[in-house]
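Spelled out, the chains give:
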Amino acid sequence: MRKAVCPGSFDPVTNGHIDIVERASRLFDEVVVAVGVNKSKSRLFTAEERIAMLVEACQPFANVRVAGFSGLLTTFCAENSIHAIVKGLRAVSDFDYELQMAQMNASLTDIETVFVPTSPEYSFLASSLVKEVATFGGDVSGLIPGFVNERLKARVAERVAGGQG
Ligand code: ADP
């Protein structure tokens, strides 16, 4: 069985992520979306919240499951008998880092990285930008699922009310 992992922080999941996961699900028998749960102060959503949103977003894809992971991605892959990492490539700016990462991961284990070019409509889309735009009241409803948009608006409002906005 061909298995692949789509790793990321997904803070929060965007339509660009979902596009890559869907396309990976057509290439592989099973896809695990691996959500990095390492502690980081800059996250807007907790690991549990990010995982819950992904589970909802991935519901249409029968061969996709969602899991949290901490530590090295290659360790997670070894534990789950996964030999392929799928990454979306947005622009040349993604390439340097992703190539370095792919080569590092290949040198650590027998893992192959498969790059999927982003769909043009999502080439500018990143969670960090979505959060920034939403923080300043911009409309990001076309870039993320509706239920994610509701949670994002609620979280931004909480932050503003708490003086962290
Ligand atoms: P961010 O979305 O902030 O760049 P993530 O760590 O959540 O960060 O992204 C995880 C992975 O999802 C990225 O490494 C990349 O492979 C893919 N990805 C993210 N956004 C897009 C997009 N708009 N188009 C294609 N792939 C994407």
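Anything mentioned here points back to the structure above.
Definitions and cut-offs
The residue count restarts for each chain, going from 1 along the sequence in the order it is written. In keeping with the predicted nature of the model, local features appear solely for residues at pLDDT of at least 70, side-chain atom pairs appear and are counted solely at 80 or more, and the whole-chain, interface and lining totals rest on all residues. The basis for the side-chain values is all heavy atoms of the structure; hydrogens and waters are excluded. A carboxyl oxygen of Asp or Glu within 4 Å of a side-chain nitrogen of Lys or Arg is what we treat as a salt bridge. Strands here mean DSSP runs of E at least two residues long; helices mean DSSP runs of H or I at least four residues long; both are numbered from the N terminus. The classification of residues rests on relative accessible area computed with a 1.4 Å probe and restricted to protein chains. Under 20% of the type maximum is buried, over 50% is exposed, and intermediate values are partly exposed. The near set for a molecule or strand comprises every residue that places at least one heavy atom within 4 Å of it. A 3.5 Å cut-off defines polar contacts: any pair of N or O atoms within that distance qualifies, except that in protein one atom must be a possible hydrogen donor and the other a possible acceptor, and neighbouring residues in sequence count only when both atoms are side-chain atoms. Computed by Shrake-Rupley with a 1.4 Å probe, the accessible areas treat only the displayed protein chains as cover when residues are assessed. Patches here are clusters of residues that have more than 30% relative accessible area and form no salt bridge, with a 9 Å joining cutoff for like charges and a 5 Å cutoff for nonpolar side chains (Val, Leu, Ile, Met, Phe, Trp, Tyr). Strands are labelled as partners when DSSP assigns at least two bridges between them. Axes, fitted as lines to C-alpha atoms, cover a helix only where it is in contact. Angles between the N-to-C directions of the axes lie from 0 to 180 degrees. Here the aromatic set is Phe, Tyr and Trp, taking the six-membered ring for Trp, and pairing holds for ring centres within 6.5 Å; pairs whose planes are under 30 degrees apart are stacked, those over 60 apart are edge-to-face, and all others are tilted.

Chemist: Could you give me a rundown of the pattern of salt bridges, with the residues and numbers involved?
Modeler: Under the defined criterion, the tally for this structure stands at 10 salt bridges. Linking Lys153 and Glu150 is a salt bridge whose minimum nitrogen-to-oxygen distance equals 3.8 Å. Taken as a pair, Lys153 and Glu150 lie in helix H6 (residues 146-161) at a separation of 3 residues, close to a single helical turn. Owing to a relative accessible area of 48%, Lys153 belongs among the partly exposed residues under this scheme. Since its relative accessible area comes to 48%, Glu150 is described here as partly exposed. The structure contains a network of salt bridges with shared partners spanning Glu49, Arg155 and Glu158.

Chemist: Outline the site of the ligand, listing residues and values.
Modeler: Around the ligand, a shell composed of 17 residues is seen, among which Phe10, Gly88, Thr118, Tyr122 and Leu125 lie nearest. A distance of 2.8 Å separates a nitrogen atom of the ligand from a polar atom in the side chain of Thr118. One of the backbone N or O atoms of Tyr122 is found 2.9 Å from a nitrogen atom in the ligand. About the coverage of the ligand: the protein hides 86% of its 530 Å² of free accessible area. Elements represented by at least two residues in the shell around the ligand include exactly strand E1 (3-8), helix H1 (15-27), strand E4 (84-89) and helix H5 (127-135).

Chemist: Lay out a nonpolar patch on the surface in plain terms, naming residues and giving numbers.
Modeler: The grouping of Leu72, Met104 and Leu108 at the surface amounts to a nonpolar patch, some 300 Å² of accessible area in total. Considering the arrangement of structural elements, one finds Met104 in helix H4 (residues 92-108). Since its relative accessible area comes to 47%, Met104 is described here as partly exposed.

Chemist: Tell me about the sheet that holds E1, residues and numbers included.
Modeler: Ordered by their spatial adjacency, 5 strands build an open sheet running E3-E2-E1-E4-E5, and the pairing between neighbours is parallel. Because the sheet does not close on itself, it has two edges, and the strands there are strand E3 (64-69) and strand E5 (112-117). Each adjacent strand pair in this sheet contributes to an overall mean axis angle of 30 degrees, direction not counted. The pairing of strand E2 (residues 30-36) with E3 spans 6 bridges and is parallel. Residue pairing for E3: Val33 is matched across the bridge by Val66.

Chemist: Which residues make up the packing of aromatic side chains, and what values go with them?
Modeler: In the structure shown here, the tally under the stated rule is 1 aromatic pair. Ring geometry for Phe69 versus Phe76: centroids 5.7 Å apart, planes at 45 degrees, classification tilted. Of the two residues, Phe69 and Phe76, both sit in the buried class.

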